[in-house]
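Examination of the molecular architecture
Next come the chains, spelled out residue by residue.
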Amino acid sequence: MAQSSLTRREFLQSTAIAGAGVTLTHLAPAFAQVASDNVPLWASKPMRWAQLTLVEDDPTHFDPQFWLDYFKRTRSDGVCLSAGGCLAYYPTTVPFHHRSTFLADRDILGDLITGCRKLGMSILARTDPHATYDDAKAAHPDWIAVDATGNPRRHWSSPEMWVTCALGPYNFDFMTDVHKEIMSRYHVDGIFMNRWDGSGDCYCPTCRANFKSATGLELPHTIDPRDPTRRAFFLWRQKRLIEVLDVWNTAIRAINPDSSIIPNNGGGARSQLNTLETSRRTPLLVADRQARHGLAAPWLMGKTAKEFRATMGAKPVVGLFGVGLEEPERWKDSVTSNAEIRIWVLDAIANGMRPWFSKFSGTLHDERWLKGVEDLYLWTDKHQQHLTHQRPLARIGLVFSQQTAWYYGGDQAEAKVENYALGWYQALIESRIPFEMVHDQLFDAAHLAQFKTLILPNIAVLSDAQCDQLRAFVNKGGSIVCTHETSLYDETGNRRKTFALADLFGVDFAGKTEGPMLNSYIRLEREALPHHPIFTGLEDAPRIINGVTRLQVTPREKFAATPLTLIPSYPDLPMEKVYPRTPKTDISCLYLRQPAGRVAYFPFDIDRTFWEVLSEDHLKLLRNTLLWASDEAPIVEVTGPGLLDVTAWQNQGSITIHLVNLTNPMAMKGPYRDFFPVGAQTVKLRLPANTHAKSAQLLVANKIVAMDRSGETLTITVPSILDHEVIAIDI
Ligand SMILES: [Zn+2]
């Protein structure tokens, strides 16, 4: 396959369009030619996936029948098998495609595929193109990645190998040949690609020349996202990667029209690829989140599900989980506790993911995970009819923005972008409010139709066109809750004079930012607004802690009264000096308006601060503000003890409500050792219009439960929850 590249004119056209606020989505026709919403049966059917990633010496050690038996025993109906790339597990004839040294003339891949076909499984072949050998480098030096100082890159962990360039002929030509050979020999359903999008910036002659011909520029040596060359490189790299996906898809679909490349890539705001583009090109996507590590909440797998679903819509999202510890030390053969694997997978399932276990090495060094995964898989098989997860019922959308992470966050995207979203995520989980994630490039009326309220956690970068879409949403009765610098930057990352949404907020940016503010507080103005719902649960609090960074703003109009006012910072040492110099101001910390739908704007980082310190007062303020803005009862309300992830789904013939019990001493840092039951939960469901509930059952407790009906509200009591419960209401 000839290597293709953008002409300079095409590139300049595309960046000009992107600069006008239109995403890469709407670029060159080549971007859309393989898009399709049709999901072939091989992709829609599997509900339980298995991945066996072989290591080089597996052909001499491992027992293929053991794995085939395990796939059968777990009712796995999709499988991903090691095929090629770094190493081939079949008798390849592609030059420089190295067979496993231990393979001889055997065809391990073919044997496994034959066995899996007998089990009726959908089959993905796995390739990994990120490294190669000396002979390939000698014959094709242009296949090898080059560092900023001009040296070819040795592999960081396997020093006999070289890191490959993802944007040049290795991917475009060599891997295309590998994929064609695999598809011709085995006619698999798709090819799952690991580490296909490069291992950091590449300065090889091909990248240099292609970037120059596309943009007229030299490769950047800065990571500053506001540097125009860096930005041009970022967009060019994205486009090259999408281009290579299209080359691979075209090649394999010439052999098997229903097949697809399934690119392994991250989701969420910090993904370097435009997830709209990858979502358009695949009938399913695999969210690779093997486990949590460090300080991390157990709901992160659910968050990943929501992020992928935001761009995949109804297409299957598969949750790839590991069975080991996932830490920087990379104990790839480790096995973590059964409880940790279980909570991770249960939260994935509750959030609509189809589970996919991933095991490295066909030779098992530790078998302790096998039974736990089998139990989980058999449970989902038993209850499949209630776990189809056709449509989430959530009415709240938490917005995430890749362009904000790229052009405003840059290398500080975690601190400047992600931690705001995590604050809201934690607040929503603690408040037990079902919600979805919303991609900021999908603010059109059709995508927002299901939502009453959108939360914009410091979504700093928004184009005028996106702000117009938000305005239209509010004009039609939708509500928004925004924080900090939301809409203060345009789509190129340049700061505006004021918020693009200033008309909705009712305030303008006054040009100054204060912070970090130490020892600053918020006064609750209950005398002025004695019964305001913002104060629910805070009736005895005269003041609460402030956030850390605050924008000075100027009201455009006279606000009737404000519930929250600023108590400015005052000395925190020596202790004799710690007293408020200005105990009361008229500076508002929250602006509430109702132009049509409701608008709440916090001119400070309350959500980020909540994620940092987890103050209960901030939790209440976030929740109360959201409920005020929504101005309707949540679709599901769950009262009772504990920390639960609550999700609600419409299925064919039923509504299911998942209650995942996250209550655990290891909740914010795994692994779980055990589960601790929580007591009775009262669940109120607001039935969708024209829905008649026939009966309700608890799928885990395995019993029918009574329903109390009052108007459109259905009340069900769940006596206790160990790890999870699913209420299935037949309609
Ligand atoms: Zn390169």
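Described in the following lines is the structure provided in the data block. What you see is a predicted model; the values in this text were computed from it and never measured.

Let us look at helix α20 (residues 616-630). For α20, with 15 residues, the first-to-last C-alpha span of 21 Å sits near the 21 Å given by 1.5 Å per residue. Counting buried residues along α20, eleven of its 15 residues qualify, which places the element largely inside the surrounding structure. Among all positions of α20, only H618, L619, K620, L621, L622, N624, T625, L626, W628, A629 and S630 are buried. Measuring from the backbone nitrogen of D617 back to the side-chain oxygen at the start of α20 gives 3.2 Å, which picks out S615 as the cap. Downstream of α20 by a residue or two, D631 has a phi angle that is positive, lying close to 55°.

Looking now at the pattern of salt bridges. In total, this model carries 39 salt bridges according to the counting rule given. A salt bridge links R126 to D128, with the shortest nitrogen-to-oxygen separation between them at 3.8 Å. Overall, the relative accessible area of 7% leaves D128 in the buried class. With its nearest N and O atoms 3.2 Å apart, the salt bridge here joins R523 to E527. Take R523: its relative accessible area is 19%, and that puts it in the buried class. Each of R48, R75, D77 and D381 takes part in one network of salt bridges that share partners.

Below, the discussion takes up empty space enclosed by the protein. This model, assessed by the stated rule, comprises ten cavities of 30 Å³ or more. Lining the second largest cavity are 13 residues, and of these Q290, V323, G324, K332 and F360 sit closest to its centre. Its residues assigned to classes, the lining of the second largest cavity shows five nonpolar, five polar and three charged.

Another aspect to go through is the sheet that holds strand β11 (residues 391-392). Reading across from one edge, β11-β24-β25-β31-β27-β28 is the order of the six strands in this open sheet, with antiparallel pairing throughout. The open sheet is flanked by β11 and β28 (703-705), the only strands paired with a single partner. Of the strand pairs in this sheet, strand β24 (residues 644-651) and strand β25 (residues 654-661) are connected by eight bridges, and their pairing is antiparallel. Within β25, the position partnered with Q650 by the bridge is I655.

Around a metal, the ideal angle is 109.5 degrees if four donors adopt a tetrahedral arrangement and 90 or 180 degrees if six donors adopt an octahedral arrangement. Protein-derived ligands of the zinc ion are C165 (SG), C202 (SG), C204 (SG) and C207 (SG), with the metal-ligand distances lying across 2.3 Å. Site description for the zinc ion: donor spacing in sequence, C-x36-C-x1-C-x2-C. You can see C165 sitting in the loop between β5 (162-163) and α7 (169-186) and its partner C204 sitting in the loop between β6 (190-193) and α8 (205-215), a full 39 residues away along the chain. Classification of C165 as buried rests on a relative accessible area of 2%. With relative accessibility at 1%, the residue C204 sits in the buried group.

Let us now look at the sheet that holds strand β8 (residues 285-288). The pairing of strands in a sheet happens through backbone hydrogen bonds and is either parallel or antiparallel. Judged by pairing direction, the sheet is parallel, and its eight strands sit side by side in the order β7-β6-β3-β2-β1-β10-β9-β8 without closing on themselves. Each edge of the open sheet is held by one strand with a lone partner, namely β7 (260-263) and β8. Adjacent strand axes in the sheet meet at a mean angle of 30°, parallel and antiparallel pairs treated alike. The strands touched by helix α5 (residues 108-118) within the sheet are β1 (49-53), β2 (78-85) and β3 (122-128), with β2 carrying the most contacts at an inclination of about 165°.

As a further point, take the packing of aromatic side chains. Inspection of the entire model under this criterion finds 34 aromatic pairs. Between Y70 and W369, the aromatic rings sit 5.6 Å apart at their centres with planes inclined by 80°, giving edge-to-face as the arrangement. Note that Y70 is positioned in helix α4 (residues 64-73) and W369 in the loop between β10 (354-360) and α13 (370-382), a separation of 299 residues in sequence. Classification of W369 as buried rests on a relative accessible area of 1%. Their ring planes at 75° and their centres at 6.2 Å tell us that F234 and Y407 sit as a pair that is edge-to-face. Remark: Y407 occurs in helix α14 (residues 402-409) and F234 occurs in helix α9 (residues 228-253); sequence separation between them is 173 residues. Look at F234 and you get buried, because its relative accessible area is 11%. Members of the aromatic cluster, joined through ring pairs, are F66, W67, Y70, F71, F357, W369 and Y377.

Viewed as axis vectors pointing N to C, α4 and α5 meet at an angle of 25°, and their least axial separation amounts to 10 Å. For the element pair α4 / α5, the angle class is roughly parallel. Between α4 and α5 lies a crossing of right-handed hand. Judged by residue contacts, P64, L68 and F71 of α4 engage L112, G115 and C116 from α5. The class makeup of the residues in the contact of α4 with α5 is five nonpolar, one polar and no charged.

This part is about the side chain of H386. Relative to the elements of secondary structure, H386 occurs in the loop between α13 and β11. Non-local contacts of H386, meaning those with residues more than four positions away in its chain, are made with N651, S654, T656, Q697, L699, A728 and D730.

Turning to the nonpolar core, a few remarks are in order. F71, F321, F357, W369, L454 and F499 are the most contacted members of the largest nonpolar core, which totals 184 residues. Per element, the largest residue contribution to this core is ten residues, and it comes from α9. The contact partners of F321, leaving out residues within four places of it in the chain, are R289, Q290, M301, I341, W344, V345, P355, W356, F357, S358, V373 and Y377.

With that settled, consider the environment of Y70. The exposure class assigned to Y70 is buried, which follows from its relative accessible area of 0%. Leave out the neighbours within four places in its chain, and Y70 touches F357, W369, L370, V373 and E374.

Quick look at the side chain of T647 now. By secondary structure assignment, the location of T647 is in strand β24. In this structure the side chain of T647 is engaged in a polar contact, spanning 2.6 Å, whose partner is the backbone oxygen of A350. Among the polar contacts made by the side chain of T647, one reaches the side chain of W649 at a distance of 3.4 Å. Residues in contact with T647, not counting those within four places in the same chain, are K306, A350, N351, T656, I657 and H658.

Rules used throughout
- Numbering of residues begins from 1 in every chain and follows the order in which that chain's sequence is written.
- Whole-chain, interface and lining totals are the exception, using all residues; otherwise, since this is a predicted model, local features are given only for residues with pLDDT of at least 70 and side-chain atom pairs are given and counted only at 80 or more.
- Excluded from the side-chain calculation are hydrogens and water; included are all heavy atoms of the structure.
- A run of DSSP states H or I qualifies as a helix once it reaches four residues; a run of E qualifies as a strand once it reaches two. Both are numbered from the N-terminal end.
- To estimate how far a helix should extend, the number of its residues minus one is multiplied by 1.5 Å.
- Only protein chains enter the accessibility calculation, which uses a 1.4 Å probe. A residue is then buried if its area is under 20% of the maximum for its type, exposed if over 50%, and partly exposed in between.
- Within 3.5 Å is the distance limit for a polar contact, defined as a pair of N or O atoms, with the added protein rule that one can donate a hydrogen and the other accept it, and that residues adjacent in sequence qualify only through two side-chain atoms.
- Every case where a carboxyl oxygen of Asp or Glu lies within 4 Å of a side-chain nitrogen of Lys or Arg is listed as a salt bridge.
- In this analysis the probe radius is 1.4 Å and the grid spacing 1 Å, with only protein atoms considered; a cavity is a set of points the probe fits into but cannot get out of, a pocket is an open set with protein on both sides within 12 Å along at least five of seven lines, and lining residues have an atom within 4 Å of a point.
- Grid points are joined across faces, edges and corners, and a volume is the space filled by probe spheres set on the points.
- Put simply, Ala, Val, Leu, Ile, Met, Phe, Trp, Tyr, Cys and Pro go in the nonpolar bin, Asp, Glu, Lys and Arg in the charged bin, and everything else, Gly too, in the polar bin.
- Here, a strand pair is defined by DSSP locating no fewer than two bridges between the strands.
- Donor atoms: N, O and S within 2.8 Å of the metal, or within 3.2 Å for Na, K and Ca. Because water is excluded, sites can look incomplete.
- Interaxial angle, 0 to 180 degrees, is taken between N-to-C directions of lines fitted to C-alpha atoms, where a helix line uses only the stretch in contact.
- Here a residue-residue contact requires only that any non-hydrogen atoms of the pair lie within 4.5 Å.
- Classification of ring pairs uses Phe, Tyr and Trp, with its six-membered ring standing for Trp, and accepts pairs whose centres are within 6.5 Å; under 30 degrees between planes counts as stacked, over 60 as edge-to-face, and the remaining range as tilted.
- Note that the term roughly parallel is reserved for angles under 35 degrees, roughly antiparallel for angles over 145, roughly perpendicular for angles of 65 to 115, and oblique for everything else.
- Here is the rule for handedness: rotate from the far helix to the near one, and if that takes an anticlockwise turn smaller than a right angle the crossing is left-handed, while a clockwise turn gives right-handed.
- By convention a nonpolar core is built from buried Ala, Val, Leu, Ile, Met, Phe, Trp, Tyr and Cys residues, the set being connected through side-chain atoms within 4.5 Å.

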